[in-house]
Amino acid sequence: QIPMIFLGCWYLGHLWLGGFAVFTVCLWQMQEVIRRAMFQRDLFGRAVFGDAVRYGIPALLIVFLPGRLLSTAAVLTFIAASSIAGSLLCVDTFATRRALSISWIDIREELKDCWKLGRPIILFNVFGSAFAQGSLWILGEMQGLTAASQYQAVSNVMGITNPPVIGIAATMQPAVARAHTLAGPRAAMLRSLPY
């Protein structure tokens, strides 16, 4: 993502925004890590509360602020600030776990497990990202940035169905993983059926 951000900013003649955008993405990912950890602990209500702050604040500001106050830097600031707020509102859920003690051995084992589990889909994600971003750049190069913007606007409207679809997957995965750990594959399959 980071090379693509800098490449895109350079192409559009706003390279100075690259660092700002990367900083915003890092804060967004920090909130995402906390959110996923809460899903893993069945704290869905708290996760939704953090998401409401993370997505609601920028949306309200963008809708209600006068256009003259909006810029790319301002929108990135809204997203960064709301990511921090969403993270801080939910990070207290970790304070109850062994006073935030960290075992580097456990972290190393966790990283090994994540790599083992996740490496088959890395190539899929790379191709998916390249296709999703590449098609916009090609359209912009062939038809102009206005056409690319119109295409993205239509995609955003069509993407209204994304939150429930992504939400189902986000709640199903930890529930099924927990069932598999506790009772095996048959229990995991039964746990997935209601979703």
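Above this text you will find the structure in question.
A quick note: this is a predicted structure, and the numbers were derived from the prediction, not measured.

Take the overall build of the protein chain next. Scanning the protein chain for helices and strands turns up eight helices and zero strands. Each of the three principal axes of the protein chain carries a C-alpha extent, and together these read 55 × 35 × 35 Å. Put simply, the protein chain has 195 residues, and 24% of those count as buried. Contacts in the protein chain between residues at least 24 apart in sequence constitute 58% of all its contacts with a sequence separation of at least 6.

Relative to the helices and strands, Gln31 is located in helix 2 (residues 17-40). Note on Gln31: relative accessible area 3%, which makes it buried. Engagement of the side chain of Gln31 in a polar contact is seen with the side chain of Asp51, the distance being 3.1 Å. Those residues within four positions of Gln31 in sequence are excluded, and the remaining contacts are Gly50, Asp51, Arg54, Ser83, Gly86 and Ser87.

Right, let's talk about the packing of helix 1 (residues 2-11) against helix 5 (residues 104-143) for a bit. Closest axis-to-axis distance for the helix 1/helix 5 pair is 13 Å, and the angle between their directions is 10°. By the angle class used here, helix 1 and helix 5 are roughly parallel. Two secondary-structure elements touch here, helix 1 through Met4, Gly8 and Tyr11 and helix 5 through Gln133, Trp137 and Glu141. In terms of residue class, the contact of helix 1 with helix 5 is built from three nonpolar, two polar and one charged.

Take helix 2 next. Spacing of three or four residues puts side chains on the same side of an α-helix, whose turn is 3.6 residues. With 24 residues, helix 2 extends 34 Å between its outermost C-alpha atoms, agreeing within 8% with the 34 Å of an ideal straight helix rising 1.5 Å per residue. Where helix 2 ends, the next residue or the one after it, Asp42, has phi of about 65°, a positive value.

A few words now on the pattern of salt bridges. Tallied over the entire structure, the rule returns four salt bridges. A salt bridge links Asp51 to Arg35, with the shortest nitrogen-to-oxygen separation between them at 2.6 Å. On the criterion of sequence distance, the pair formed by Asp51 in helix 3 (residues 44-64) and Arg35 in helix 2 is long-range, its members being 16 residues apart. We note that Asp51, like Arg35, is buried. A salt bridge links Glu109 to Lys112; the nearest nitrogen and oxygen atoms lie 3.6 Å apart. Here Lys112 and Glu109 lie together in helix 5, a separation of three residues that amounts to about one turn.

Right, let's talk about the nonpolar core for a bit. Burial of nonpolar side chains together is a common tendency in soluble globular proteins. If you look at the biggest cluster of nonpolar residues, it comprises eight residues: Ile5, Cys9, Leu17, Ala21, Val22, Val25, Ala73 and Leu76. Secondary structure elements with two or more residues in this core: helix 1, helix 2 and helix 4 (72-90). Sorting elements by how many residues they give to this core places helix 2 first, with four residues. Apart from residues lying up to four places away in sequence, Leu17 is in contact with Cys9, Thr72, Ala73 and Leu76. In this structure, Met38, Phe39, Cys90 and Ala170 belong to the second largest nonpolar core, which totals six residues.

It is worth spelling out the side chain of Glu32 at this point. Tracing the chain through its elements places Glu32 in helix 2. Residue classification places Glu32 among the buried positions, given a relative accessible area of 15%. A polar side-chain atom of Glu32 sits 2.9 Å from a polar atom in the side chain of Arg35.

What follows deals with the environment of Thr171. As for its placement among the helices and strands, Thr171 is situated in helix 7 (residues 162-183). Take Thr171: its relative accessible area is 22%, and that puts it in the partly exposed class. With 135 residues separating them along the chain, Thr171 and Arg36 place their C-alpha atoms 9.5 Å apart. Not counting residues up to four positions away in its chain, the partners in contact with Thr171 are Phe44 and Tyr195.

Rules and cut-offs
- Each chain has its residues counted from 1, following the order in which its sequence is written.
- The predicted nature of this model means local features are confined to residues of pLDDT at least 70 and side-chain atom pairs, given and counted, to a pLDDT of 80 or more, with totals for whole chains, interfaces and linings taken over all residues.
- As a convention, hydrogens and water are excluded, and side-chain values are obtained from all of the structure's heavy atoms.
- Note on conventions: DSSP H or I runs of at least 4 residues are helices, E runs of at least 2 residues are strands, and numbering of each starts at the N terminus.
- Only protein chains enter the accessibility calculation, which uses a 1.4 Å probe. A residue is then buried if its area is under 20% of the maximum for its type, exposed if over 50%, and partly exposed in between.
- Should any heavy atoms of two residues lie within 4.5 Å, those residues are counted as being in contact.
- Throughout this description, a polar contact denotes any pair of N or O atoms lying within 3.5 Å of each other; where both atoms belong to protein, one of them has to be capable of donating a hydrogen while the other can accept it, and for residues adjacent in sequence the pair is counted only when both atoms sit in side chains.
- In this analysis, axes come from line fits to C-alpha atoms, helices being fitted only over the stretch in contact, and the angle between any two N-to-C directions falls in the range 0 to 180 degrees.
- Any angle between 65 and 115 degrees counts as roughly perpendicular, while under 35 counts as roughly parallel, over 145 as roughly antiparallel, and the rest as oblique.
- Throughout, the ten residues Ala, Val, Leu, Ile, Met, Phe, Trp, Tyr, Cys and Pro are labelled nonpolar, Asp, Glu, Lys and Arg are labelled charged, and all others, Gly among them, are labelled polar.
- The span you would expect from a helix comes to 1.5 Å times its residue count less one.
- The rule for a salt bridge is simple: a side-chain nitrogen of Lys or Arg has to be within 4 Å of a carboxyl oxygen of Asp or Glu.
- Take the buried residues of types Ala, Val, Leu, Ile, Met, Phe, Trp, Tyr and Cys, join any two whose side-chain atoms come within 4.5 Å, and each joined set is a nonpolar core.

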